[in-house]
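Structure assessment
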Amino acid sequence: MRFGSKLIHNGNEIDKNTGALSIPIYHASTYHQEDVDRPQEFDYSRSGNPTRKALEETIAILEGGDRGFAFSSGMAATSSVLSIFSSGDHIIVCEDVYGGTYRIGSGFFSRFNVEVTFVDASDLDAVRSAIRSNTKALFLETPSNPLLKITNIREAVKIAKERELITIIDNTFMSPYLQRPIELGIDIVIHSATKFIGGHSDVVAGLAVVKGRELAAKVYSVQNGFGAILGPQDSWLLLRGLKTLKVRLDYQQRNAQRLAEWLDSLPNVRQVFYPGISSHKDRDVHFSQADGAGAVLSFKTGDRNSAASFMKKIKMAAVAVSLGGVETIVSYPVKMSHASIPQNERERLGITDDLIRVSVGLEEMEDLMEDFQSSLVQD
Ligand SMILES: *Cc1c(COP(=O)(O)O)cnc(C)c1O
């Protein structure tokens, strides 16, 4: 079955008890046990809930993994996955990783003596030379945020396998529709399901999918023990959001491609970052591992004043952090998502004060381009 059909038919779309074409929201914390000597599938909802289970099975099928896990946020998914490691372990993380991942990697986990080194993972030699005797994992994110840098997943996996490192990837920007890292050898895929999977800016949630039963048992043990689970109502919202993932992304991606090409042609735009345009240096690598360029792009206006003026003038697009919803969202990384990174470090990474990030939504393109056009004109 092809991906778009799998979103609708994956074995978790019909309630087994009633035939309902929507999995019921099981608002239950606990379950009556018929016989204390015979354990039943569900006993307490931190350990397992039927609505969450339908979601977890669905995402495991879509990513091609053995087991899926739903968490209360993308960061809860990332933190829980990283909690399978122990004091004394070392993890290599790509340097332009999501801000929250940077924060827990550079602060939180170091308090438990899990060391993290940040490297430019698009430079595979840098990855190789960061490996130490106690390195246990490689954590990637591609395309990266906010500059859409590309890491070659197959090559990174090859390096990791030589040293028996666990490979983890944040696949939020692509979703399983456009990129399925487990098929490329990755062990654990993480999503902020708040973004494209939920798709409607109405839920905060995280997902993880694991390849390999032994590794999956470790993640389950953290999910159940640490307890950062997703509730049944939010699990249902993700099940619903997933059904339209392909049609939303097809349309949003088409819009993003048009917007990127148009911005790229404007004299008052300095540079556009989007893997779908020919000027992107790693376009070929990206398309060797993903089926599309996605719906997030960024661009540089040339100077701080023109970026500030754009952010003030833009009308139809929302000004917000987050991405992946039905509405177009623009954000200003230096003041919003990446404000916590020191200025000199930001500039080294290319996150300058004329950079604007766009998550392209489902509006009609002509309206969006009119909005952008008038916002790019400086008084
Ligand atoms: C938003 C985001 C996260 C964090 O997810 P939350 O659901 O906000 O906790 C992680 N990675 C990426 C790429 C994101 O965009």
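Where an unreviewed UniProt entry is consulted, the chain appears under the name cysteine-S-conjugate beta-lyase, with the organism given as Anaerobacterium chartisolvens.

Once that is clear, we can look at the UniProt feature "modified residue: N6-(pyridoxal phosphate)lysine" (unreviewed entry) in the chain. Feature annotation in UniProt places "modified residue: N6-(pyridoxal phosphate)lysine" (unreviewed entry) on K195, given in this structure's numbering. Among the secondary structure elements, K195 is positioned in the loop between β6 (188-192) and β7 (206-210). Those residues in contact with K195, other than ones at most four positions away along the chain, are Y98, T172, S322, L323 and G324.

When its domains are assigned, the chain resolves into domain 1 (3-243) and domain 2 (245-376). Computed from C-alpha atoms alone, the centre-to-centre distance between domain 1 and domain 2 is 26 Å. Summed over both partners, the interface of domain 1 with domain 2 buries about 3300 Å², with 60% contributed by carbon and sulfur atoms. Counting the contacts that link domain 1 with domain 2 gives two salt bridges. R180 serves as the salt-bridge partner of D291, at 3.6 Å between the closest nitrogen and oxygen. Connecting domain 1 to domain 2 are 16 residue pairs in polar contact (both at pLDDT 80 or more).

Moving on to the environment of P24. Take P24: it is sitting in the loop between α1 (3-6) and α2 (50-63). Considered as a pair, P24 and W236 are 212 residues apart in the sequence and their alpha carbons are 7.8 Å apart. Discounting residues that sit within four places of it in the chain, P24 has contacts with D15 and T51.

What follows deals with the sheet that holds strand β2 (residues 90-94). The strand order across the open sheet formed by seven strands is β1-β7-β6-β5-β4-β2-β3, and the pairing between neighbours is mixed. Lying at the two open borders of the sheet, with one neighbouring strand each, are β1 (67-71) and β3 (115-119). Going from strand to strand, the sheet's axes swing by 20 degrees on average, the running direction of each strand aside. Here β6 runs beside β7; their pairing, made up of five bridges, is antiparallel. The residue of β7 that forms the bridge with I188 is V210.

What follows is about the packing of aromatic side chains. The full count for this structure, using the stated rule, is eight aromatic pairs. A network of ring pairs unites the aromatic residues F108, F109 and F112 as a single cluster.

Taken across its five residues, β1 has four buried, putting it largely inside the fold. The sheet contact formed by β1 and β7 spans five bridges and is antiparallel. Counted as the bridge partner of F71 is G206 from β7.

Right, let's get into the packing of helix α12 (residues 304-313) against helix α14 (residues 365-376). Helix packing geometry: the angle between the two helix axes and the distance between the axes. It is the contact of α12 with α14, at a shortest axis distance of 8 Å, that shows an interaxial angle of 135 degrees. By the criterion of interaxial angle, the relationship of α12 to α14 is oblique. For the element pair α12 and α14, the recorded crossing hand is right-handed. Contact residues: α12 offers S309, F310 and K313, while α14 offers F372, S374, S375 and L376. Here the contact of α12 with α14 is composed, by residue class, of three nonpolar, three polar and one charged.

About the thresholds
Residues numbered from 1 in each chain as written. Predicted model: local features only at pLDDT ≥ 70, side-chain atom pairs only at ≥ 80, totals over all residues. Heavy atoms only, no water. UniProt positions renumbered as here; feature names shortened; annotations may be inferred. Helix = DSSP H or I, 4+ residues; strand = E, 2+ residues; numbered from the N terminus. Contact = heavy atoms within 4.5 Å. Domains from an automatic or database assignment. Buried area = accessible area lost by both parts, 1.4 Å probe. Salt bridge = Lys/Arg side-chain N within 4 Å of Asp/Glu carboxyl O. Polar contact = N/O pair within 3.5 Å; in protein donor to acceptor, adjacent residues only side chain to side chain. Pairing = 2+ DSSP bridges. Axes fitted to C-alpha atoms, helices over the stretch in contact; angles between N-to-C directions. Phe/Tyr/Trp six-rings, centres within 6.5 Å; stacked < 30°, edge-to-face > 60°. Buried < 20%, exposed > 50% of the residue type's maximum accessible area, 1.4 Å probe, protein only. Parallel < 35°, antiparallel > 145°, perpendicular 65-115°, else oblique. Left-handed = near helix turned anticlockwise from the far one by under 90°. Nonpolar A, V, L, I, M, F, W, Y, C, P; charged D, E, K, R; others polar.

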